Amino acid sequence: MSTSYDVRDEVLRAFNDHDLRRLSQQYSPSAVLVGPEGVAEGPEQIVTFYEHLLTAFPDARLTPWYKVTCSEPAVTEWMLTGTHMGPLLLPCGRYLEATGRHIAVRGCCVAHVEDDKVIAHQQYYDQLELCSQLGFPHVSK
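Residues numbered from 1 in each chain as written. Predicted model: local features only at pLDDT ≥ 70, side-chain atom pairs only at ≥ 80, totals over all residues. Heavy atoms only, no water.

K.L.:
Requested: an account of the environment of Leu12, with residues and values cited.
P.N.:
Take Leu12: it is sitting in helix α1 (residues 4-16). If sequence neighbours within four positions are ignored, Leu12 has contacts with Leu62, Pro64 and Thr76. (Helix = DSSP H or I, 4+ residues; strand = E, 2+ residues; numbered from the N terminus. Contact = heavy atoms within 4.5 Å.)

K.L.:
So, the packing of aromatic side chains: which residues are in play, and what are the values?
P.N.:
For any two aromatic rings, the description comes down to two numbers: the centre-to-centre distance and the angle of the planes. Within this structure, the stated rule accounts for 3 aromatic pairs. Ring plane angle 45° and centroid distance 6.4 Å describe the contact between Tyr27 and Tyr50, whose orientation is recorded as tilted. Of this pair, Tyr27 sits in strand β1 (residues 27-35) while Tyr50 sits in helix α3 (residues 42-56), placing them 23 residues apart in sequence. Of the two residues, Tyr27 and Tyr50, neither departs from the other in class, the shared state being buried. (Phe/Tyr/Trp six-rings, centres within 6.5 Å; stacked < 30°, edge-to-face > 60°. Buried < 20%, exposed > 50% of the residue type's maximum accessible area, 1.4 Å probe, protein only.)

K.L.:
Run through the pattern of salt bridges, naming residues and quoting values.
P.N.:
One pass over the structure, following the stated rule, counts 6 salt bridges. For Asp9, the salt bridge identified is with Arg8, shortest N-O distance 3.0 Å. Across the pair, Arg8 and Asp9 agree in class, each one buried. The partner of Glu10 in a salt bridge is Arg13, and the shortest N-O contact between them spans 3.0 Å. Taken as a pair, Glu10 and Arg13 lie in helix α1 at a separation of 3 residues, close to a single helical turn. When salt bridges with common partners are traced through the structure, they connect Glu10, Arg13, Asp17, Asp19 and Arg22 into a single cluster. (Salt bridge = Lys/Arg side-chain N within 4 Å of Asp/Glu carboxyl O.)

K.L.:
Which residues make up α3, and what values go with them?
P.N.:
The end-to-end C-alpha distance of α3 is 22 Å, a good match for the 21 Å that 15 residues give at a rise of 1.5 Å each. Those residues of α3 not exposed but buried are Gly42, Ile46, Val47, Phe49, Tyr50, Leu53, Leu54 and Ala56. (Expected span 1.5 Å × (residues − 1).)

Okay, here's the thing in structure tokens:
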């Protein structure tokens with residue numbers, strides 16, 4: 001039986017390989033992914049979430065730089081890098097067309113695993129950092 005860390009690492013490898021089929025296999029049928037963009041329920045919706053991200057950033061890569069190894073659930077801090085080459089689905093439901101800008105955004109995820117499958121996956125990242133790197137104007141009064 002795999003540990004939650006093994007499963008979490010396979011999610012990262014499948015994402016970095018842009019292998020959506022393998023990614024979907026890491027999630028239980030009732031899995032839930034929660035992030036700033038919203039909630040995805042079940043492997044099909046979760047894969048759609050990743051598909052949108054990989055369409056926007058076709059060279060996307062998650063680089064873990066810190067992994068908590070002494071607790072459950074599995075916690076990982078990472079850096080998401082990529083070039084914005086396709087439409088990016090925004091939390092408001094609109095799309096930001098490709099800017100050609102490179103991003104490097106810090107984030108963290110928490111993966112809860114049961115029976116070798118992710119059952120709950122929370123992702124947190126600095127949305128202001130992402131927006132400023134994509135050229136959103138600063139909001140001022």
